[in-house]
Amino acid sequence: MNDSNERKLALSHMTVAFTAFIIACFMGEYQVLERSGLIESLGSPTVYFASVSTHGVLMAYVLTTFFIMGFGYYTASTSLNMPVWNKELAWGGFGVALFGVVLAAIPLLSGLASVLYTFYPPVQGHYLFYLGATLLIVGSWAWCVVMIVMFYQWKEANPGQPVPLAMFATTANALLWLWTSAGVAMEVLFQLIPLSLGWSDTIDPGLARTLFAWTLHPIVYFWLIPAYIAFYVFVPKQAGAFIFSDEAARAAFIVLVVFSLPIGFHHLYMDPEQGKGWKMLHGIGTFIVTVPTFMTGFTVIASLEIAGRLRGGKGLFGWIGSLPWTNTMVLAVILSLLMLIFGGFGGIVNASYAMNAMVHNTAWVPGHFHLIFAGTTVIMYFAIAYYLWPILCKKPLFSNNLALVQLWTWFIGMTILTTPWHILGLLGQPRRISSVVYNNLLTLSWKPYELAMIAGGLIMLGSACLFVYLLYKTQFGPATEEFNAQVEYAEPLHPVNSLPEYLNDFKLWNKVIAAYMAVSFGIPILQFFFIGTFDSSAWGY
Amino acid sequence: MHIDPLEKQWAQIVLAICGLFVTLIIIDALFHNITTPGNVETIDSASLHLSEEFAEDNLGVHRDENGNVSVKMVAGRYSFFPKEISVPAETNITFRWVSIDVLHGVHVPMTNMSTMIVPGFVAELQTSFPKPGDYPMLCNEYCGLGHDHMWGRIDVVEKDQWHASKQTTNGAAGNER
């Protein structure tokens with residue numbers, strides 16, 4: 001199959017993703033430096049909050065969405081062995097999303113949309129920011145449509161056959177994203193855009209927060225699922241073994257999709273506009289959604305153990321040493337799982353209904369999500385890029401050793417950055433402040449941790465630059481040899497012979513989600529229309 | 001379909017762990033009142049000065065005839081009103097917070113006195129401070145470019161040395177809208 005269109009699609013999307021990533025990394029290091037107060041002339045809330053807003057949008061929306069789309073197109077086409085359906089639609093989605101990013105970048109960079117990536121009405125930014133964000137989402141919906149159509153095209157052509165796991169999970173993510181993005185789409189279309197264009201004078205901030213909470217939790221699973229896909233379909237093969245269980249993987253993806261959606265109120269635990277009972281319901285769901293992650297950890301580690309033993313590892317832990325640590329995918333998964341263990345622990349603290357009060361909106365929270373997103377998730381994006389870039393460019397990776405250095409430094413930098421960040425949160429430092437002006441003894445204890453964060457950030461910035469350099473040299477360096485490898489998907493240990501339809505399709509699960517969402521978000525949203533809430537007028541910042 | 005026995009055991013362990021955590025949280029919430037703010041009480045942020053409870057004269061710490069202590073606070077860019085309060089240690093205190101403008105949050109570090117303050121709603125919570133001391137009250141939600149400067153003080157004094165700044169004789173101030 002001539003896959004030049006698919007390769008071009010994947011490369012274009014991922015190039016946008018990693019360009020956004022490297023710009024945002026520089027902003028991140030500036031932010032820890034500014035915040036520490038080490039260099040007095042750097043102190044500026046105006047620049048700081050414009051930078052935080054841009055950093056958040058680039059990392060959370062641009063890096064992720066473009067990476068996921070590019071990765072999805074290539075996974076779909078290679079795992080199903082068919083060309084991407086409707087390439088005009090795919091490229092159209094790319095164009096719309098990219099146009100949205102450029103549109104949003106103008107007010108962000110000029111300080112006209114310093115409302116952070118979570119928007120926070122009734123504080124209001126420039127309308128171009130909201131329009132740009134909407135176009136990014138609309139462009140990504142084109143990707144969802146292409147993925148779902150390809151899924152059903154393949155099923156039709158292969159009746160009764162299990163859909164390849166990589167495509168099953170990618171389709172799960174496309175459906176998840178359609179469900180997820182509906183919340184923020186409603187907030188932007190019905191509340192923020194009318195307000196910012198002056199069509200409406202007031203806004204209901206409680207409703208806006210509820211709609212954003214709809215999106216705010218499942219979106220992190222949208223970002224995480226590509227990392228899980230790599231865990232299941234790339235890692236065992238690269239380590240030299242098999243997937244421990246294909247069926248368990250499918251079940252994990254289904255539970256992730258179903259239970260990540262109706263649980264967003266754990267972001268609103270401390271909010272007055274939703275009742276305690278609803279928060280409790282969402283809190284219980286939050287614990288259930290840890291189950292597929294525990295299952296994934298088990299399956300991936302079991303797959304690695306098989307690999308280690310096949311390579312001659314003996315004893316209870318001896319197999320760990322005999323894993324191919326010099327394979328970028330294997331090293332990345334080990335480091336990723338380590339960060340997932342600590343990040344997951346922090347997440348359980350956050351999820352704990354009332355314990356959350358101690359850490360809510362403190363520095364603990366960005367410490368947590370950097371560890372789990374920039375750590376667990378993005379390190380797998382790196383590994384996927386190292387794996388795919390040579391295949392997409394048909395040139396060998398510039399340097400495997402430098403890639404290993406890059407992964408290790410990212411992990412070390414992340415540890416040095418996020419450990420003090422968590423401690424600062426326990427010491428009461430709020431997140432989202434640009435300087436410490438409180439005249440209180442407590443704040444003296446924050447200083448050394450802030451300085452450690454600068455060092456951690458600097459290591460990560462160096463690591464990020466090395467990553468981009470390696471991709472650049474791979475793509476544009478002179479090719480010394482022809483490179484013609486194909487993507488290889490891991491085989492399950494036990495071949496999947498017969499699969500019940502509920503593990504091979506999403507029709508049933510869409511209905512379950514619809515019912516569950518109607519219960520957990522229906523009344524909490526409708527209440528704003530029943531109880532007669534008071535709107536707020538718009539505020540600048 | 002193939003499910004490994006080890007996998008089954010692990011799934012059971014995981015479900016048991018989750019079940020244990022959820023049970024503990026529910027017991028704490030139902031029987032020990034360790035819970036979240038969530039009273040869903042609306043208020044018009046644009047006319048707080050006309051609401052009796054949050055009119056300027058009524059802000060601060062109250063004690064009613066039964067000895068119940070309550071605190072009425074307004075958050076607005078960039079301060080808490082009043083900026084300094086004094087409360088007794090080891091006493092159950094009801095806090096009621098409102099915003100006059102945008103989103104705010106308030107946290108007293110090292111304690112669970114934490115809530116979001118959303119315009120249009122009254123955020124109410126009960127807590128007590130076991131240790132006397134001088135605590136900061138920090139705004140922990142981005143509310144604008146002056147957000148860093150939004151903070152106040154809460155002086156927690158020994159129970160028997162504390163004197164209420166406001167006495168409510170009819171005990172009704174807390175219930176008025």
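Looking at an unreviewed UniProt entry, one finds chain B named Cytochrome C oxidase subunit II, with Methylomarinum roseum as its source organism.

Going by the annotation in an unreviewed UniProt entry, the name recorded for chain A is B(O/a)3-type cytochrome-c oxidase subunit 1, with Methylomarinum roseum given as the source organism.

(A) Looking closely at the layout of surface pockets. Reported here for the second largest pocket is a volume of approximately 450 Å³. Every element with two or more residues in the lining of the second largest pocket is listed here: α8 (246-260) and α10 (290-310) of chain A together with α1 (5-31) of chain B. The biggest single contributor to the lining of the second largest pocket is α8 of chain A, with six residues. The residue inventory of the lining of the second largest pocket, partitioned by class, reads 16 nonpolar, no polar and three charged.

(B) Broad picture of unusual backbone geometry. Going from Arg-77 of chain B to Tyr-78 of chain B, the amide bond is cis rather than trans, its omega being -5°. Take Tyr-78 of chain B: it is sitting in the loop between β3 (69-76) and β4 (79-81). Cis peptide bonds are those with omega within 30 degrees of zero, and the linkage from Phe-81 of chain B to Pro-82 of chain B qualifies with -5°. By secondary structure assignment, the location of Pro-82 of chain B is in the loop between β4 and β5 (84-88). Residues other than glycine seldom take positive phi values, yet Tyr-120 of chain A does so here, at roughly 50°. Its location among the elements puts Tyr-120 of chain A in the loop between α3 (87-109) and α4 (127-157). In this model, Asn-361 of chain A sits at a positive phi of 55°, which is unusual for a non-glycine residue. Secondary-structure assignment places Asn-361 of chain A in the loop between α13 (356-359) and α14 (364-393).

(C) How the structure looks around the interface of chain B and chain A. Taken together, the 62 residues of chain B in the interface contact 74 residues of chain A. A combined buried area of about 5,800 Å² lies between chain B and chain A, and 69% of that area is made up of carbon and sulfur atoms. Where chain B touches chain A, the interface holds one salt bridge. The closest approach of N and O atoms between Arg-432 of chain A and Glu-141 of chain B, which form a salt bridge, is 2.6 Å. The set of elements that each furnish at least two residues to the side of chain B that touches chain A consists of α1, β8 (114-117), β9 (121-127), β10 (133-139) and β11 (151-157) of chain B. A per-element tally of the side of chain B that touches chain A places α1 of chain B first, with 12 residues.

(D) The arrangement of the sheet that holds strand β7 (residues 104-107) of chain B in detail. Residue and element names in this part refer to chain B. The strand order across the open sheet built from five strands is β5-β11-β10-β7-β8, with neighbouring strands paired in mixed fashion. Looking at strand neighbours, the two that pair on one side only are β5 and β8, the edges of this open sheet. Neighbour-to-neighbour, the strand axes of the sheet open up by a mean angle of 20°, direction not taken into account. Pairing geometry for β7 and β10, over two bridges, is antiparallel. From the neighbouring strand, His-107 faces β10, where its bridge partner is Leu-138.

What counts, and where the lines are drawn
Starting from 1, residues in each chain are numbered consecutively following that chain's sequence as written. The order in which chains are written sets their letters, starting at A; the order in which ligands are written sets their numbers, starting at 1. Owing to the predicted nature of the model, reporting of local features is limited to residues with pLDDT of at least 70; listing and counting of side-chain atom pairs is limited to 80 or more, with chain, interface and lining totals taken over all residues. Processing note: side-chain calculations cover all non-hydrogen atoms of the structure and skip hydrogens and water entirely. Whether a set of points on the 1 Å grid over the protein atoms alone is a cavity depends on a 1.4 Å probe fitting there but being unable to get out, while an open set qualifies as a pocket with protein on both sides within 12 Å along at least five of seven lines; lining residues are those with an atom within 4 Å of a point. Grid points are joined across faces, edges and corners, and a volume is the space filled by probe spheres set on the points. Note on conventions: DSSP H or I runs of at least 4 residues are helices, E runs of at least 2 residues are strands, and numbering of each starts at the N terminus. We call Asp, Glu, Lys and Arg charged. Ala, Val, Leu, Ile, Met, Phe, Trp, Tyr, Cys and Pro are nonpolar, and the rest, Gly among them, are polar. Only heavy atoms matter for contacts: two residues are in contact if any of them lie within 4.5 Å across the pair. Note on definitions: buried area is the accessible-area loss of two parts on being combined, 1.4 Å probe, summed for both. We define a salt bridge as a contact between a side-chain nitrogen of Lys or Arg and a carboxyl oxygen of Asp or Glu at a distance within 4 Å. Strand pairing is assigned whenever DSSP identifies at least 2 bridges connecting the two strands. Only the contacting stretch of a helix is used when fitting its axis, a line to C-alpha atoms as for every element, and angles between N-to-C directions run 0 to 180 degrees.

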